[in-house]
Amino acid sequence: MMKQNMDQWTHDLLTAPRKKAMPILSFPSIQLLDVTVKDLISDSTLQAHGMKAVADRTPNAGAAVSLMDLSVEAECFGAPIRVSDDEVPTVIGPVLSTEVEEEERLAQAEALKIPEIGAARTQIYIDAISKAIKLIGDRPVLAGVIGPFSLAGRLLDVTHSLIYCYEEPDMVHVVLEKCTEFIIQYIKAYKAVGANGVVIAEPLAGLLSPALAEEFSGEYSRRIVQAVQDQCFAVIYHNCGNTANITLNSILSCGANAYHFGNAVNMTEIMEKVPADIICMGNIDPAVEFRNGTPTSIFEKTIVLMQECCKYPNFVISSGCDIPPLAPWENIEAFFAAVDEFYNR
């Protein structure tokens, strides 16, 4: 795909009476390629061919999205990760010690080095987008990165990070500054190889109160969007937390092209609150429906959600989050069939 006017793409998506579904669909490519997750995350050519295979299998998807792998950036900073054959990689330990005194943790935060872009697996993921763009010409190709507080939380330990926001805010801000700088440079590397945009996943912010969400996520997310978004580069902001409906002001103030919500919130409630000129996507449950449902159950759930939400012109049907690697393709295809059925009525 060559450079595309993504402002125009956003406008066209908003005004289209029949909108293409935008599920976060990448890891199930392992079934199409007959490889493992471990293979996929360590090989840029496999990732690109996986995105192409998914695009070929889903002619009615609105974009090709790369892996939502929220371990890549934390691993760059030195976090230990767990990799398996059929699950998305996860961070299994913090980089900053939870066992030391406050002063020592602040010193660790100040000493934390911002990794080079290309460190650990980042170069693989950048190369994958570079290759995918040459294979996929009928839709935008979107890279994926983690959001600032979600990255900081992985470096600090997720549970502890929520407490540190109250007890050690200065230390958290030191870490957030470094995370934000790294994420901006990482997105710019994707942009440089021709990505049409990026999905920024900020799920951990969905556990914060409105005031904390603004201070520890909203402010930094805004900086990232402002640093990378332009006419040819779109930003989709993803927050699958359960407080998304009460932190909407902070979320929407980051100025992204579109917003993606998880199944922890009521999508109708979100649509009622969001201005009609801001695209919102969501939120069929990836675990309950895509992974563990049946073609019949996901078909019905998708129709019902569209009946509730398509009366809002800014709604785009999607998965609530990243679709798991082993979600049966019969379920994925039933989701797309339901979208077609709804619009053909």
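Look up a bit, the structure's there.
What counts, and where the lines are drawn
- Residues numbered from 1 in each chain as written.
- Predicted model: local features only at pLDDT ≥ 70, side-chain atom pairs only at ≥ 80, totals over all residues.
- Heavy atoms only, no water.
- Helix = DSSP H or I, 4+ residues; strand = E, 2+ residues; numbered from the N terminus.
- Rg over C-alpha atoms; globule rule 2.2 N^0.38 Å.
- Buried < 20%, exposed > 50% of the residue type's maximum accessible area, 1.4 Å probe, protein only.
- Contact = heavy atoms within 4.5 Å.
- Expected span 1.5 Å × (residues − 1).
- Patch = residues over 30% accessible without salt bridge, like charges linked within 9 Å, V, L, I, M, F, W, Y side chains within 5 Å.
- Areas by Shrake-Rupley, 256 points an atom, 1.4 Å probe, with all protein chains shown as cover.
- Salt bridge = Lys/Arg side-chain N within 4 Å of Asp/Glu carboxyl O.
- Lys, Arg positive; Asp, Glu negative; His and termini not counted.
- Charge placed at Lys NZ, Arg CZ, Asp CG, Glu CD.
- Pairing = 2+ DSSP bridges.
- Axes fitted to C-alpha atoms, helices over the stretch in contact; angles between N-to-C directions.
- Parallel < 35°, antiparallel > 145°, perpendicular 65-115°, else oblique.
- Left-handed = near helix turned anticlockwise from the far one by under 90°.

What follows covers the overall build of the protein. Scanning the protein from N- to C-terminus turns up 16 helices and nine strands. The C-alpha radius of gyration of the protein comes to 19 Å, within 12% of the 20 Å expected for a compact globule of 345 residues. Projected onto its principal axes, the C-alpha positions of the protein cover 65 × 40 × 40 Å. Per-residue burial over the protein gives 57% buried out of 345 residues. If you take every contact in the protein between residues at least 6 apart in sequence, the share linking residues at least 24 apart comes to 76%.

The terminal C-alpha atoms of helix α4 (residues 44-57), which comprises 14 residues, lie 20 Å apart, in line with the 20 Å expected from a rise of 1.5 Å per residue. Listing the buried residues of α4 in full gives S44, Q47, A48, G50, M51, A53, V54 and A55. Looking at the buried side of α4, the elements it contacts are α2 (29-33), α3 (37-41), β1 (64-65), α7 (122-135), β4 (141-146) and α16 (329-344).

On to a negative patch on the surface, then. There is a patch of like negative charges on the surface, built from D39, D43, D85, D86 and E87. Along the chain, D43 falls in the loop between α3 and α4. Residue classification places D43 among the partly exposed residues on the basis of a relative accessible area of 31%.

Here the focus is unusual backbone geometry. Residue G282 is joined to N283 through a cis peptide bond whose omega torsion reads -20°. Not every positive phi belongs to a glycine, and D157 is a case in point at roughly 85°.

This part covers α16. In this model, α16 (16 residues) spans 22 Å end to end at C-alpha, consistent with the 22 Å of a helix rising 1.5 Å per residue. Burial in α16 covers these residues: W329, N331, I332, A334, F335, F336, A338, V339, F342 and Y343.

Further remarks concern the pattern of salt bridges. Per the counting criterion, the structure on display carries 12 salt bridges. When the shortest N-O distance is used, the salt bridge between D138 and R139 registers 3.0 Å. Here D138 falls in the exposed class, since its relative accessible area comes to 52%. In this structure, a network of salt bridges that share partners links the residues D69, E75 and R121.

On a regular strand, each side chain points to the face opposite its neighbour's, so the side chains alternate between the two faces of the sheet. Counting buried positions along β4 gives six out of six residues, so the element sits mostly inside the fold. Of the two faces of β4, the one lined by V141, A143 and V145 and the one lined by L142, G144 and I146 are each fully buried. As judged from the two bridges shared by β1 and β4, these two strands associate in the parallel manner. The partner of V65 across the bridge, within β4, is L142.

Here the focus is the packing of helix α10 (residues 169-192) against helix α11 (residues 210-228). One can describe the packing of α10 onto α11 by two numbers: an axis separation of 10 Å at closest approach and a directional angle of 25°. In this view, α10 runs roughly parallel relative to α11, as classed from their interaxial angle. α11 is crossed by α10, and the crossing has right-handed handedness. Across the interface between the two elements, P169, V172, H173, L176, E177, T180, I183, I184, I187, K188 and K191 of α10 pack against E215, F216, Y220, R223, I224, A227 and V228 of α11.

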